[in-house]
Structures are given as structure tokens and as C-alpha cells.
Amino acid sequence: MEKNKQRIWMGIAVLMSLTLLLTVHTGFAVAAGKEAKIGLAFSMTGAAAGYGSTQKNGVQLAVDEINAAAGADGLKLIPVFDDDASTPQQGINVFNKFINADKVSLIIGPTLSNTAQVTDRIAQQAGVPVLGISNTAKGITEIGDFIFRDSLTENVVIPNTIRVAKEKLKVNKVALLYGNDDAFTKAGYEAFKKALQDAGITILNEQTFAKGDRDFSPQLTQIKSQNPDAIVVSALVEEASGIVSQARKLDIPKSVPIIGGNGFNSPNLMKNSGDAAEGVIVGAAWNASSANALNRKFLDAYNSRYGSLPDQFAAQAYAGVYIAYQAIGKAASPDNHKAIRDALVQIKGMNTVLGSFSFTDGRDADYVPVVQVVKDGKFAIFGE
Ligand code: 1QQ
């Protein structure tokens, strides 16, 4: 009888030390040895397809690193990718599938704010956490307390861009051109307008276009006739590329810079517009030249796997997976959406490829933006 009791106590002691060992090694007290599905809704087709493929690359790289490091006992991620087709309707289908069929721990995406402003309501209602990695329009995280993002908003990035442009380029009067059929391009326009007004810069002219437009010569001809110091553009990369190319074809000289918002942050701008893109100025949440050690490692790993350097969208995706993993790992179980949400709120000063990362009280990203200029076909830090 005594012997049996002793054995039971020994068993308990061994179990406890094993748990302790696992906790010390992985940092995850309870979720060790488990798997968590994450849903990834990216635009692989449609108007925002220029962003989806590098987002997917960034996620895949982070997931593979995490799973390799987790070993046999650690928490592993199972990525479930789906194409949101750049439309709210397809975004809704994908979110419903992630929530009801795949039963994911957390959703990363969708690519566009225009889609997120609809899909995130579904996740909020279901109590499933969402981490946006490229949504920059205002109002996304206000949808509810399950909605987070690691992308800096246009309201944070644009005032900084305009301030630096005014200082360095002596911009006093501009023309403003924006897409009026998209939540992001409209939010970018409003952010630019306010930043320009606050900086005391005159807006000579406001022009609009829509997704899928190919000919911007009517707007640009009018803009040219008013001799602005710069042209300020809020557009997704397809339309941005057309505007940049056609401005130079219409002989608006490069001494009149084009200043863009987040839609310009894709290397597709240079691929599509070639030399015309030289000198374009764009505020961003990340630049490849960031000296942070984690970032150097990320650049090498991405480059050796995909044969190209990552863009801002890949970096935000890669950081997003690590942020999600940390929160899921802290939760009692990958099914406990509320605990994952609560763990996301706690993330402060996390070392990521975006720099030291925290969420604001409003679940937006809190880190420092940069201003870039296109130089020799690449995004360089403006003024360096
Ligand atoms: C948004 C954006 C796009 C340019 C990124 C894909 O910032 O929709 O919010």
C-alpha cells in the first residue's frame, strides 16, 4: 500500500518536472504539443493581386521557421490560405469558411481595407480574432475588440511623409488625385488632404478615378496646366503605376515629384513603370535597409527561398505570423479565441522585423514610419 502511494507520488513529480521543462523551453505553459490553424485571406487575384503573393511568401516563411523551431512538443501552426479575390463578397465567403468549417484560431488578412471593413464584422460577431497586416484605412480596428492590425495607418504615415516632403523639396502647392471607389484610397485621400492643410500646402486641384481605369491623361493634363510643385496620389499599385508612367509621358518633369500612399509600396510599381517611377516618394511602415538584426536574417532567408527581396507587405505578413504565434501560445488552448485576443492586447515592445512592436490601446500598430524614395529601381530611405 505504502509502495503504491510512493509510486503515485513519484509519477506526479515526474509529470510536474516534465511540464516545467516544457514551459521553460517553449515559453508555452499549456498549449505545448498542440496545433493551431490560422486562416490567411489574401488577394491573389483581382485589383489587389499585386500584394497577395508577397504576403503569402512572408507567411509561409514564418510558419516554416516556427514549426521547425517548435520541435516535437511545441505548438505548430497549420496555415489555411484562401484568395479573397480583392472583393468584399469573396472575403465574406472566405471568412465564413475559416470560422465555421476550418475553425481557425485566428485570421490574418484580408489584404484590402475595402474588404476588411465588411469581413471583420463577421469575425467580430463570431468572437474570432483578426490580425490585419496591410489594412491602413481608418476605422478598421474600431469594428470591435477582436480586430487588430500590424500595419501602420495612413493617418500615422502620411502626415510624416508630407512634413518631410515639404521640408526637403519645398513643396508649397500640389494637385491631389485619388480613387473614389475604395475604402483605402478614400481614407488615404482624406489623410493627405488633412496633412497638406495642416502643413499649409495649397491644394490646386482634386481629381478622381476608379479601380480598373487605364487612361489618366484627362486628369493629368489638367493637373499639368496648373503647375503644381508635386502630385499627391492615393491609389492601389495598378492605377498608381499607370498614373506615374503617364505623368512622365505627358512631360510632367521629374522635378515635379509624385507622392504616394501605402498602395505604392510594392515593387510592382517599378516593374510596371520602369524609369518613370524614379523619384517617387512614399511613406512606409518598413524599409529593407532597416539595421535590426532580425530584419537582416529575414532578408537573407526570404531572398534565398524566393530569389527576390521582400517588400513591406511580406515583412508585415512575416511579423504578423510571429505576433499571432506568441498570442496563440499564451492562450490556454488554440480554441480559446477570447484568451488569444487577451494575449494580443498584452503584446508590447516585441522584437519583430518591423522594429519594436506594440499595439496601441485601440489595437492599431505602434512603431515608427519611414519615408522612401524610388532610387535605381528600389525603395531607398528618402534624404539619405
Ligand atoms: C489597404 C491598403 C492597401 C494599399 C494594401 C493592400 O493599404 O487597403 O488598406
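Reading the values: the criteria
Residues numbered from 1 in each chain as written. Predicted model: local features only at pLDDT ≥ 70, side-chain atom pairs only at ≥ 80, totals over all residues. Heavy atoms only, no water. Helix = DSSP H or I, 4+ residues; strand = E, 2+ residues; numbered from the N terminus. Buried < 20%, exposed > 50% of the residue type's maximum accessible area, 1.4 Å probe, protein only. Contact = heavy atoms within 4.5 Å. Salt bridge = Lys/Arg side-chain N within 4 Å of Asp/Glu carboxyl O. Core = buried A, V, L, I, M, F, W, Y, C linked by side-chain atoms within 4.5 Å. Near = heavy atom within 4 Å. Polar contact = N/O pair within 3.5 Å; in protein donor to acceptor, adjacent residues only side chain to side chain. Areas by Shrake-Rupley, 256 points an atom, 1.4 Å probe, with all protein chains shown as cover. Nonpolar A, V, L, I, M, F, W, Y, C, P; charged D, E, K, R; others polar. Domains from an automatic or database assignment. Pairing = 2+ DSSP bridges. Axes fitted to C-alpha atoms, helices over the stretch in contact; angles between N-to-C directions. Parallel < 35°, antiparallel > 145°, perpendicular 65-115°, else oblique. Phe/Tyr/Trp six-rings, centres within 6.5 Å; stacked < 30°, edge-to-face > 60°. Lys NZ or Arg CZ within 6 Å of the ring centre and 35° of its normal.

**As for the environment of leucine 309**
Okay, so step 1: Along the polypeptide, leucine 309 turns up in the loop between helix H10 (293-306) and helix H11 (312-330).
Okay, so step 2: By relative accessible area, which is 44% here, leucine 309 ends up partly exposed.
Okay, so step 3: Not counting chain neighbours up to four residues away, the residues in contact with leucine 309 comprise Leu299, Tyr302 and Asn303.

**As for the pattern of salt bridges**
Okay, so step 1: A full pass over the atoms with the stated rule returns 13 salt bridges.
Okay, so step 2: A salt bridge links arginine 305 to aspartate 64, with the shortest nitrogen-to-oxygen separation between them at 2.9 Å. Pair noted here: arginine 305 is in helix H10 and aspartate 64 is in helix H2 (residues 49-70), with a separation of 241 residues, a long-range link.
Okay, so step 3: Residue aspartate 64 is classed as partly exposed on the basis of its relative accessible area, which comes to 33%.
Okay, so step 4: Taking the shortest distance from any N to any O, the salt bridge between lysine 193 and glutamate 206 comes out at 3.0 Å. On the criterion of sequence distance, the pair formed by lysine 193 in helix H6 (residues 183-198) and glutamate 206 in strand S7 (residues 202-209) is long-range, its members being 13 residues apart.

**Some words on the nonpolar core**
Okay, so step 1: Within the largest apolar cluster, 48 residues are counted, with the highest numbers of intra-cluster contacts made by Leu77, Ile108 and Phe298.
Okay, so step 2: Those elements that provide at least two residues to this core are strand S1 (35-42), H2, strand S3 (106-108), H10, H11, helix H12 (337-345) and strand S12 (355-359).
Okay, so step 3: In terms of residues, this core owes the most to one element, H11, which gives 11 residues.
Okay, so step 4: Aside from chain neighbours lying at most four places away, what touches isoleucine 108 is Ile38, Gly39, Leu40, Ala41, Phe42, Leu131, Ile133, Gly320, Val321 and Ala324.

**Examining the site of the ligand**
Okay, so step 1: The immediate surroundings of the ligand are formed by 13 residues, with Ser113, Ser134, Thr136, Phe184 and Asn262 found nearest.
Okay, so step 2: Contact distances for the ligand include 2.4 Å between an oxygen atom and a side-chain N or O atom of serine 113.
Okay, so step 3: The separation between an oxygen atom of the ligand and a polar main-chain atom of serine 134 is 3.1 Å.
Okay, so step 4: When isolated, the ligand has an accessible area of 280 Å², and the protein chains bury 100% of it.
Okay, so step 5: Residues that form the shell around the ligand fall into these classes: six nonpolar, seven polar and no charged.
Okay, so step 6: Structurally, the shell around the ligand is a two-domain feature, drawing no fewer than three residues from each of domain 1 (2-152 + 290-367) and domain 2 (155-284).

**Quick notes on the sheet that holds strand S14 (residues 370-375)**
Okay, so step 1: Taken in spatial order, the seven strands line up as S7-S6-S8-S9-S10-S14-S15 in an open sheet, and their pairing is mixed. Only two strands of the sheet have a single neighbouring strand rather than two, namely S7 and strand S15 (378-381). Adjacent strand axes in the sheet meet at a mean angle of 30°, parallel and antiparallel pairs treated alike.
Okay, so step 2: Here four bridges tie strand S10 (residues 281-284) to S14, and the two strands are oriented antiparallel to one another. Residue pairing in the sheet places isoleucine 281 in a bridge with valine 373 of S14.
Okay, so step 3: Set on the sheet, helix H7 (residues 217-225) makes contact with strand S6 (173-179), S7 and strand S8 (230-234); between it and S7 the angle comes to about 170°.

**Some points on the domain arrangement of the protein chain**
Okay, so step 1: Here the protein chain is partitioned into domain 1 (2-152 + 290-367) and domain 2 (155-284).
Okay, so step 2: Between domain 1 and domain 2, the residue contacts involve 15 residues of the former and 20 residues of the latter.
Okay, so step 3: Where domain 1 touches domain 2, the interface holds one salt bridge.
Okay, so step 4: The shortest N-O distance in the salt bridge between glutamate 190 and lysine 138 comes to 2.8 Å.
Okay, so step 5: Linking domain 1 to domain 2 there are seven residue pairs in polar contact (both at pLDDT 80 or more).
Okay, so step 6: Of all elements in the fold, only H2, helix H4 (113-126) and H11 reach the threshold of two or more residues within the side of domain 1 that touches domain 2.
Okay, so step 7: The dominant element in the side of domain 1 that touches domain 2, judged by the number of residues it contributes, is H4, at three residues.
Okay, so step 8: Tallied by class, the residues present in the side of domain 1 that touches domain 2 amount to six nonpolar, seven polar and two charged.

**Some remarks on the packing of H2 against H10**
Okay, so step 1: Relative to each other, H2 and H10 sit at 110°, their axes nearing to 11 Å. With respect to H10, the element H2 is oriented roughly perpendicular. Listed contacts from H10 to Thr54, Asn57, Gly58, Gln60, Leu61, Asp64 and Glu65 of H2 are Lys297, Phe298, Ala301, Tyr302, Arg305 and Tyr306.
Okay, so step 2: The residue inventory of the contact of H2 with H10, partitioned by class, reads five nonpolar, four polar and four charged.

**So, the packing of aromatic side chains**
Okay, so step 1: Going through the model one piece at a time under the given rule, you end up with 12 aromatic pairs.
Okay, so step 2: For the ring pair phenylalanine 209 and phenylalanine 216, a centre distance of 5.5 Å and an interplane angle of 90° mean the geometry is edge-to-face. There is no split in this pair, since phenylalanine 209 and phenylalanine 216 are both buried.
Okay, so step 3: A centroid spacing of 5.3 Å and a plane angle of 55° characterise the contact between tyrosine 318 and tyrosine 322, whose relative ring orientation is tilted. Taken together, the residues span about one helical turn, with tyrosine 318 and tyrosine 322 both in helix H11 at a distance of four residues.
Okay, so step 4: Cluster of aromatic residues (ring-pair linked, three or more members): Trp286, Phe298, Tyr302, Tyr306, Tyr318 and Tyr322.
Okay, so step 5: A cation sits over an aromatic face here: lysine 56 above phenylalanine 81, 4.9 Å from the ring centre.

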